[in-house]
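Residue-level listing of the chains:
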Amino acid sequence: MQLDVFFLLATILGLLVLAIPVCIIILFMRVSALRTRTDWLESQLIAQNSTPQTTKPIPVAPAAETLPWDVAIGSKATDATEKTDPPIAVDPPATIEIQPIVLRPDRITDLINWCRSNWIYVVSAMSLGLAGIFFVQYGMERGLLPPAFRVIAAIVFGAALIGAGEWIRRRSGDEGPTSTIHLPSVFSGAGLVSIFAAILAARHLYGLISPEVAFAGHLFTAALAILLGWFYGPLLAAVGLIGAAASPFIVAGGSDAAPWLYAYFALIAAVGLGIDAVRRWAWVSVLALALGYGASLLVSFGGAGEVGWIAVMLVLAVLAVVVPPLSLTPRHVAPFTLQTLLRQSSGLWPDFPVRLAAGAALVSSLGLLATGAMDIPVLVPAAFTALALAYLIWAKDADGLTDLALLPTLGLLAWIVMQSATGRIDNITLIVALATAVSFVAAWRALQSGQGILRDILFGLMAVLTAPIAVASLELLAQPGWQLGPYPWAFHIIAVAALATTLATRFAAADQGDMRRTAHATLAALSLTALALFVVTTATALTLALAVLLVVAAALDRRFNLREMGLFTQIGTAVLTYRLLIDPGLDWALNGPILQVILAFAGSIAAVLTARWLVIPRTRFLPMAVLESAAAGLIAIFANVLITRWLIPQVQSGQSVSHWQTTLSALPWLILMLTQLYRAQATAAFRRVRLGLAAIAGVIAAVTLGIAVVPLNPLFGYGPDDTAALVRGPLLFDTLWLAYAIPGILLLLGRGLMPHLDARVRAGLLAFGAGLLVVYTTLEIRRLWQGDWLGAPGMQQGELYSYTVALMLAGAGLLMQAMRKHSPLLRRVAMGVIALTIAKVFLIDASGLTGLTRVFSFAALGLSLAGLAWLNRWAGQATAKGV
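Everything quoted here is computed from the prediction, not taken from an experiment.

### Some thoughts on the overall build of the protein
Regarding its fold elements, the protein presents 32 helices and zero strands. Split into buried and exposed, the 883 residues of the protein put 44% on the buried side. Split by element, the accessible area of the protein, about 43600 Å² in all, is 70% carbon and sulfur.

This is the structure:
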């Protein structure tokens, strides 16, 4: 008895506490009504004072405080707005194309401003909602009433709040310029929260109901919230959608997710989209799709299966197209998304339904692409194909959805690449058939007239690229020839090539003047034919076929002025270079049949040079630079391959590679570097490309020559039996001349012929070339006194004195050159060489020479130094006078 009395008193006290925020709301409502009336009267007085007496004053509508998402552009006024008093007289709005952006800064600013001005509504809703939750919690803590009665009391409390909100809405409304604005949503939203909490407590706190009953209760509450959302503001619709999406996870109890939940979340998304279709609350559609995709993802992680995931990805993408306009036949107006991104739509953004459908297509494509390993992996490419065909066929009359088929098509190609790379492609024939179906339907769309240039190009590219790219990806990564056999797989490729050929003929008949699509289809057919030849023929045949294809692309560009062919020639050049260097690559070039290697390299170089000549009239700067650089590089590589193949037999017989053989490998790269440096002055457009190619070739040449100078220098030979270290040929014009003098002379000549180069580059050429000539001169003197084996121990007196003479001659020559060019720097270098000669004579020759040789050496040094000193003084005076 005492407990009941205590509970009754606590209940009365709780009601009194709950009455406080209600009283505050009522007071605020009255004050708000008075303020609204006062503002309206002031506006009336201002209008009367500013209007001539002969003109009837026009009443001005009082400002309405509404949620930012309540404004529906182009929608009709709500019932509450139509009931406002006094009546509002407004001029017809001007026709302005305004696109409803859901997430934009002004919307967020409006929401923040609304919360700042109407915070009391938010606090009231939170207080009332928490009241129901705390009511259940209080009863549990105190042990008052049985658990069932506690839950029922919370539900009754929530129902009472909903009833109060509905009563206020029916009397005064929930939207528009009314004194009760937002109050029905506040009470009804708090009531819904209380009911959700009561059902949750019945399941998880007390165990009064089963998960199925709890789920049904949450679903009923969510349906009630959605139903109220039709008559209230969008806030209740959001509460219903979120509650419905959250209820399966609330009552799951840790059990595995059921596959049928995918259909449930698709239904939730459809309901949210349906509310937006009538009320035009754009953000509600975004919320509905976000809940559908997000909840389905969580269910997928919970083990509901990937088949349902694939199905819901398709269903949500279709719902995003069908539900917002409430039409089974899409009629979305232009512009489409790609048209806007390419700035082809006069600055207009697509309508919100178009953007919503595009977002759903993107998310569904990414969701399908992220699907993991499956028992039936072919379902993923089938889903991509179905979605692409739906956009191409079903949505053909919706101009705003023109480009959506591109997303699942790209997803299909990406899936083929990913699965081929991991070796999980089984049904090759079906995959090719699906990609071919997309190409065929895209070709059907491309051949329809009156679509516009951008649509024609888009569908034309999808038609000529989808199946060929799929086939090329399979060949490159999955190698179906091992699974199907070379000839059956080649038959697949030829079938796709036949489709491309048919498209070329149809495009040629349909297009007048602009033969761009015909050229694309022709290139696809030629590429596929070359790929089929590769499957059943040798590597040389494929390389030559690609070379012919490169020439055809350049010829098409020259004939029809097709800029797209410039990109194709760049890609074709890269593929051709890839084949010659990597696959089959240099290993095949060094070990394959010599005639096939010569044919492959010579044919490719000729094709690149021919393509370079063909594109000259069109002034395609970048393709011309790529073709020219590729030709120069391939020539150097081809020469290197021939030299290396000539040297391979000697290496295989046990001989080591010599200094001169290594220089032979470096000479093509050295010539390529000098050629590119020289041509860099011709055209500014190619300067960076040529300098970059010259830098690459220069590094390769420098490394190779460095090997010839240091590790393979004949001075470091192991003995007279080391044939690779022996010097061959007559004195001066021997293997030392080939190994060191020729590249040194080339570098010095190149420096002299290229005054346009940067001073640092010219200094580098001079230093490297002079260094090679110094090495050559030193080794030639060594050979003069030691013979063919330069590694013999010791040094004869004549050899030691010859080095001194050579240094003196070098110093004198540099000094004469300094006089001729009036160069103080070169004169200082000459004096440095002379100083080095003096140091050698006093430090080395003094101890290494004997007898008359020593006397003659010092005498010659003295006379030479006297003459050089006079010559240096005269050169300095001449330089100072500018002679």
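### As for the nonpolar core
Among the nonpolar cores identified, the biggest contains 65 residues, and Val471, Leu474, Trp489 and Ile493 are the most heavily contacted of them. Element by element, the count of residues in this core is highest for helix 10 (residues 282–301), at ten residues. The residues contacting Trp489, other than those within four sequence positions of it, are Ile428, Val432, Val471, Leu474, Glu475, Pro480, Gly481, Leu484 and Val535. By size, the runner-up hydrophobic cluster in this structure holds 62 residues, among which are Ala600, Ile605, Val608 and Leu765.

### Details of unusual backbone geometry
Positive phi outside glycine occurs at Gln479, with the angle close to 50 degrees. Residue placement: Gln479 occurs in the loop between helix 17 (453–478) and helix 18 (480–484). Given a relative accessible area of 40%, Gln479 falls into the partly exposed group. Unlike most non-glycine residues, Leu732 shows phi in positive territory, near 75 degrees. By secondary structure assignment, the location of Leu732 is in the loop between helix 27 (687–709) and helix 28 (735–753). Residue Leu732 is classed as partly exposed on the basis of its relative accessible area, which comes to 43%.

### A short note on the pattern of salt bridges
Enumeration according to the criterion identifies six salt bridges in this entry. Asp397 is the salt-bridge partner of Lys396, the closest N and O atoms lying 3.3 Å from each other. Classification of Lys396 as partly exposed rests on a relative accessible area of 34%. For Asp397, a relative accessible area of 40% translates into the label partly exposed. Across the salt bridge formed by Arg783 and Asp788, the nearest N and O atoms sit 2.8 Å from each other. Residue class for Arg783 comes out buried when judged on its relative accessible area of 10%. For Asp788, a relative accessible area of 35% puts it in the partly exposed group. Residues joined in a network through salt bridges with shared partners are Arg331, Lys396 and Asp397.

### What about helix 22 (residues 564–581)?
It helps to recall that an α-helix has 3.6 residues per turn; residues three or four apart then point in one direction. Between the first and last C-alpha of helix 22 there are 26 Å, a value that for 18 residues agrees with the 26 Å anticipated at 1.5 Å per step. Looking only at helix 22, the buried set comprises Met565, Gly566, Thr569, Gly572, Thr573, Leu576, Arg579 and Leu580. Viewed along the axis of helix 22, the buried residues span an arc of 140 degrees, placing them on a single side of the element.

### Structural notes on the side chain of Gln419
Structurally, Gln419 is set in helix 15 (residues 406–421). Beyond its immediate chain neighbours, meaning those up to four positions away, Gln419 contacts Arg424 and Ile425.

### Quick look at the environment of Leu369
For Leu369, the location among the structural elements is in helix 13 (residues 352–369). Residues Leu369 and Val380, spaced eleven residues apart in sequence, show a C-alpha to C-alpha distance of 7.7 Å.

### Some details on the packing of aromatic side chains
Under the criterion given, the structure shown has three aromatic pairs. Pairing Phe601 with Phe638 gives two aromatic rings, centres 5.3 Å apart and planes at 10 degrees, and the pair type is stacked. Of this pair, Phe601 sits in helix 24 (residues 594–614) while Phe638 is found in helix 25 (residues 621–652), placing the two residues 37 residues apart along the sequence. Of the two residues examined, Phe601 and Phe638, each falls in the buried class. When the ring of Trp737 is compared with that of Tyr776, the centres are 5.8 Å apart and the planes differ by 75 degrees; the resulting orientation is edge-to-face. Here the residue Trp737 occupies a position in helix 28, and Tyr776 occupies one in helix 29 (residues 759–786), the gap between them amounting to 39 residues. The class of Tyr776 is buried, set by a relative accessible area of 10%. One aromatic cluster in this structure is built from Phe733, Trp737 and Tyr776. Between the NZ or CZ atom of Arg558 and the centre of the ring of Trp613, over which it lies, the distance is 4.7 Å.

### As for the packing of helix 26 (residues 659–679) against helix 28
Running from N to C, helix 26 and helix 28 point in directions that differ by 10 degrees, and their axes come no closer than 9 Å. Judged on the interaxial angle alone, helix 28 and helix 26 are roughly parallel. Contacts between helix 26 and helix 28 pair His659, Trp660, Thr663, Leu664, Leu667, Leu670, Met673, Leu674 and Tyr678 from the former with Thr735, Leu736, Leu738, Ala739, Tyr740, Ile742, Pro743, Leu746, Leu747, Gly750 and Leu753 from the latter.

### Focus on the environment of Leu800
Here Leu800 lies in helix 30 (residues 797–821). For the pair Leu800 and Arg782, spaced 18 residues apart in the sequence, the C-alpha separation amounts to 9.2 Å.

### Brief notes about the packing of helix 14 (residues 379–394) against helix 15
Relative orientation of the contacting elements helix 14 and helix 15 amounts to 160 degrees, with a least axis distance of 8 Å. Here helix 15 runs roughly antiparallel to helix 14, going by the angle between their axes. Helix-helix and strand crossings are classified by hand; for helix 14 and helix 15 the assignment is left-handed. Here Val380, Pro381, Phe384, Thr385, Leu387, Ala388 and Tyr391 of helix 14 lie close against helix 15, whose contacting residues are Pro408, Thr409, Gly411, Leu412 and Trp415. For the contact of helix 14 with helix 15, the class distribution of residues is nine nonpolar, three polar and no charged.

### Topic: helix 11 (residues 306–322)
For helix 11, built from 17 residues, the straight-helix expectation of 24 Å at 1.5 Å per residue is met to within 8% by its first-to-last C-alpha distance of 24 Å. Taken together, the buried positions of helix 11 are Trp309, Ile310, Val312, Met313, Leu316, Ala317, Leu319, Ala320, Val321 and Val322. Those residues of helix 11 that are buried are in contact with helix 9 (261–279), helix 10, helix 13 and helix 14.

### A few points about the confidence of the model for the protein
Low pLDDT marks stretches whose predicted atomic positions should not be read closely. Summarising the model, the protein shows a mean pLDDT of 75, and 70% of its residues fall at 70 or more. Averaged over each element, pLDDT in the protein is lowest for helix 2 (residues 79–82) (38) and highest for helix 14 (94). Within the model, the stretch residues 1–33 combines pLDDT values under 50 with 15 contacts to residues more than four positions away or in other chains. pLDDT under 50 marks residues 53–101. Its contacts with residues more than four places away, or in other chains, come to 69 contacts.

### Here we look at a nonpolar patch on the surface
On the surface, Val417, Leu476, Leu477, Tyr578 and Ile582 cluster together into a nonpolar patch covering about 450 Å² of accessible area. Residue position: Tyr578 is located in helix 22.

### A few points about the environment of Ala433
Relative to the helices and strands, Ala433 is located in helix 16 (residues 428–446). Placed 63 residues apart in sequence, Ala433 and Val496 show a C-alpha to C-alpha distance of 9.3 Å.

### Some remarks on the side chain of Thr409
Along the polypeptide, Thr409 turns up in helix 15. Among residues more than four places away in sequence, those in contact with Thr409 are Ala388, Val438, Met462 and Thr466.

Cut-off values and rules
- Residues numbered from 1 in each chain as written.
- Predicted model: local features only at pLDDT ≥ 70, side-chain atom pairs only at ≥ 80, totals over all residues.
- Heavy atoms only, no water.
- Helix = DSSP H or I, 4+ residues; strand = E, 2+ residues; numbered from the N terminus.
- Buried < 20%, exposed > 50% of the residue type's maximum accessible area, 1.4 Å probe, protein only.
- Areas by Shrake-Rupley, 256 points an atom, 1.4 Å probe, with all protein chains shown as cover.
- Core = buried A, V, L, I, M, F, W, Y, C linked by side-chain atoms within 4.5 Å.
- Contact = heavy atoms within 4.5 Å.
- Salt bridge = Lys/Arg side-chain N within 4 Å of Asp/Glu carboxyl O.
- Expected span 1.5 Å × (residues − 1).
- Arc of directions from axis to C-beta.
- Phe/Tyr/Trp six-rings, centres within 6.5 Å; stacked < 30°, edge-to-face > 60°.
- Lys NZ or Arg CZ within 6 Å of the ring centre and 35° of its normal.
- Axes fitted to C-alpha atoms, helices over the stretch in contact; angles between N-to-C directions.
- Parallel < 35°, antiparallel > 145°, perpendicular 65-115°, else oblique.
- Left-handed = near helix turned anticlockwise from the far one by under 90°.
- Nonpolar A, V, L, I, M, F, W, Y, C, P; charged D, E, K, R; others polar.
- pLDDT = per-residue confidence, 0-100.
- Patch = residues over 30% accessible without salt bridge, like charges linked within 9 Å, V, L, I, M, F, W, Y side chains within 5 Å.

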